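These are the residues of each chain, in order.
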Amino acid sequence: MLKRYDLNPIITRKDIPNVGNLIIDPSSVFNPGAIKVGNTYYLILRVQTRARKTYFLLAESSNGINFSINNEPINFKGIENYGKKIFHLYDARITHINDGYYIQFAMDTEDGCHLGLVKTDDFKSFYFIAADEIDSRNGVIFPEKIGGKFVRFERPNQVKLENGTMTGDKIWLSESDDLITWNLVSPVMSGRFHYWDELIGSGPTPIKTQKGWLHIYHGVATHFGSSNIYQAGVTLHDLNDPSVVIARSGDNILEPREMYELVGQVPNVVFPSGIIVEEFDENGFAKNNSEVKVYYGAADTSIGLATATVEELINACYQGDI
Ligand code: BMA
């Protein structure tokens, strides 16, 4: 249902500049956070080196398609004071709230995966704010307070796979007074065993529409023996209580079909992580006929772009028969 850009993938490892001794001929670039500030499109890229280390690199564009990529990794000031050993930072999601841009990301540490938070005002300096204690991933902060609280969706890692990896089949709503301390409030949606989205996690930041919060998520079909298949779906949530699901796509809206999605470091993966809506009305609702750009990781190897209108995505929430 999402329409791929003709010249996908839009960013591959070949576009990544060498960065001193840190990044030389990297293996992959994927799962970007995205936001538009004025007329500038920003992506925060997840770049993986041949040492399987990860770095965030900033990419900038004036059309959302052709990006120029900074030749130094983003430095999160203050993260050096975090008490535990950090192995990887990855999968940034960006939210604009009042006075700044907040970046939520996953941190693989010596005691599990935690959600970290960084703030920037200008996409030049980035300040580490906090990380949670619980094991969780796929955190996306809503762009405004709801019921007087900051809210986010997140996916606590409560399911252990055969290989020992902790993952999850439930998205939760959590809330916070200060963006630092978060409390799980209620489950929002579960994986649908036997179908395309058995394990799930939020994709990009939810979008406010007249019909509700529009939310793209990834679902994993785990029942294909040797291969997990990562796909994308869409849901609509109550504007005043996003834990209420108004509608949920039965069919996926994007699945691995193109060679760059089927083959790569992790085959059969589309992983939406960035979204840009081009037009909002004067009350802050996304316009029905606005274009939506969705940026996604393809096979954990490159970055794809796919588009739809707001209306098409809302309609997709009602399609399919599960
Ligand atoms: C998930 C996350 C993503 C990754 C995906 C496919 O569990 O680790 O970062 O893109 O798996 O490998």
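We now turn to the structure provided with this report. (Residues numbered from 1 in each chain as written. Predicted model: local features only at pLDDT ≥ 70, side-chain atom pairs only at ≥ 80, totals over all residues. Heavy atoms only, no water.)

Contacts to the ligand come from Asn31, Arg46, Asp91, Arg137, Tyr230, Val266, Phe271 and Asp300. Between the ligand and Asn31, the relevant distance is 2.9 Å, taken from an oxygen atom to a side-chain nitrogen or oxygen of the residue. Note that an oxygen atom of the ligand is positioned 3.0 Å from one of the side-chain N or O atoms of Tyr230. Contact with the protein chains hides 82% of the accessible area of the ligand, taken as 310 Å² for the molecule alone. Spatially, the ligand is embedded in the largest pocket. Classifying every residue of the shell around the ligand gives three nonpolar, one polar and four charged. (Near = heavy atom within 4 Å. Polar contact = N/O pair within 3.5 Å; in protein donor to acceptor, adjacent residues only side chain to side chain. Areas by Shrake-Rupley, 256 points an atom, 1.4 Å probe, with all protein chains shown as cover. 1 Å grid on protein atoms, 1.4 Å probe; cavity = no way out; pocket = protein on both sides within 12 Å on 5 of 7 lines; lining within 4 Å. Sits in = over half its atoms within 2 Å of the grid points. Nonpolar A, V, L, I, M, F, W, Y, C, P; charged D, E, K, R; others polar.)

What follows deals with a nonpolar patch on the surface. On the surface, a cluster of nonpolar side chains totalling about 290 Å² of accessible area is made up of Val244, Ile246 and Tyr318. Structurally, Val244 is set in the loop between strand E20 (229–237) and strand E21 (245–248). (Patch = residues over 30% accessible without salt bridge, like charges linked within 9 Å, V, L, I, M, F, W, Y side chains within 5 Å. Salt bridge = Lys/Arg side-chain N within 4 Å of Asp/Glu carboxyl O. Helix = DSSP H or I, 4+ residues; strand = E, 2+ residues; numbered from the N terminus.)

Position of Asp25 relative to the elements: it lies in the loop between strand E1 (3–4) and strand E2 (28–37). A sequence separation of 12 residues divides Asp25 from Arg13, and the C-alpha atoms of the two residues are 7.5 Å apart. Contacts of Asp25, omitting those with residues within four sequence positions, involve Arg13, Asn18 and Arg50. Side-chain polar atoms of Asp25 contact the side chain of Arg50, separated by 2.6 Å. (Contact = heavy atoms within 4.5 Å.)

Turning to unusual backbone geometry, a few remarks are in order. For the bond from Asn8 to Pro9, the omega torsion is -5 degrees, close enough to zero to count as cis. For Pro9, the position within the fold is in the loop between E1 and E2. Even without being a glycine, Leu179 presents a positive backbone phi close to 70 degrees. Mapped onto the elements of the fold, Leu179 is located in the loop between strand E15 (170–176) and strand E16 (183–190).

In this structure, Leu2, Leu214, Ile216, Ile253 and Leu313 are the most contacted members of the largest nonpolar core, which totals 26 residues. Breaking this core down by element, the ones donating at least two residues are strand E19 (212–221), E20, strand E22 (270–277), strand E23 (291–298), strand E24 (302–309) and helix H2 (310–316). With residues near it in sequence (within four places) discarded, Ile216 still touches Ser202, Gly203, Pro204, Ala232, Gly233, Val234, Ile253, Pro272, Ile275, Val294 and Leu313. (Core = buried A, V, L, I, M, F, W, Y, C linked by side-chain atoms within 4.5 Å. Buried < 20%, exposed > 50% of the residue type's maximum accessible area, 1.4 Å probe, protein only.)

Next up on the list: the layout of surface pockets. Put simply, the largest pocket is a space of about 970 Å³. For the largest pocket, the lining is made up of 37 residues, of which Arg137, Leu161, Thr165, Tyr230 and Asp300 are closest to its centre. Within the lining of the largest pocket, the residues separate by chemical class into 12 nonpolar, 16 polar and nine charged. Its boundaries defined by the atoms lining it, the second largest pocket holds a volume of some 650 Å³. Taken together, 31 residues line the second largest pocket, and the ones lying closest to its centre are Ile35, His96, Pro143, Ile207 and Phe280. Where the lining of the second largest pocket is concerned, the elements lending two or more residues are E2, strand E7 (86–97), strand E18 (207–209) and E22. Element by element, the count of residues in the lining of the second largest pocket is highest for E22, at five residues. Of the residues contributing to the lining of the second largest pocket, the split by class is 16 nonpolar, nine polar and six charged. (Points joined across faces, edges and corners; volume = space filled by probe spheres on them.)

With that settled, the discussion passes to the sheet that holds E1. Strand order in the open sheet formed by four strands is E1-E24-E23-E22, and the pairing between neighbours is antiparallel. Of all the strands in the sheet, just E1 and E22 have a single pairing partner and so form its edges. (Pairing = 2+ DSSP bridges.)

As a further point, take the packing of aromatic side chains. A full pass over the atoms with the stated rule returns 13 aromatic pairs. Seen from their ring centres, Phe123 and Phe126 are 6.0 Å apart, and the 85 degrees between their planes marks the pair as edge-to-face. As far as burial versus exposure is concerned, Phe123 and Phe126 are alike and both buried. Here the guanidinium or amino end of Lys145 rests over the ring plane of Phe150, the centre of that ring lying 4.8 Å away. The ring of Phe285 carries Lys208 above its face, with NZ or CZ at 4.7 Å from the centroid. (Phe/Tyr/Trp six-rings, centres within 6.5 Å; stacked < 30°, edge-to-face > 60°. Lys NZ or Arg CZ within 6 Å of the ring centre and 35° of its normal.)

In total, this model carries 18 salt bridges according to the counting rule given. Between Asp111 and Lys84 there is a salt bridge, and its shortest N-O distance comes to 3.3 Å. One end of the pair, Asp111, is in the loop between strand E8 (100–109) and strand E9 (112–120); the other, Lys84, is in the loop between strand E6 (76–77) and E7, and 27 residues separate them in sequence. Look at Lys84 and you get partly exposed, because its relative accessible area is 21%. When salt bridges with common partners are traced through the structure, they connect Lys36, Glu278, Glu291 and Lys293 into a single cluster.

None of the figures reported here should be taken as evidence of function without further support.
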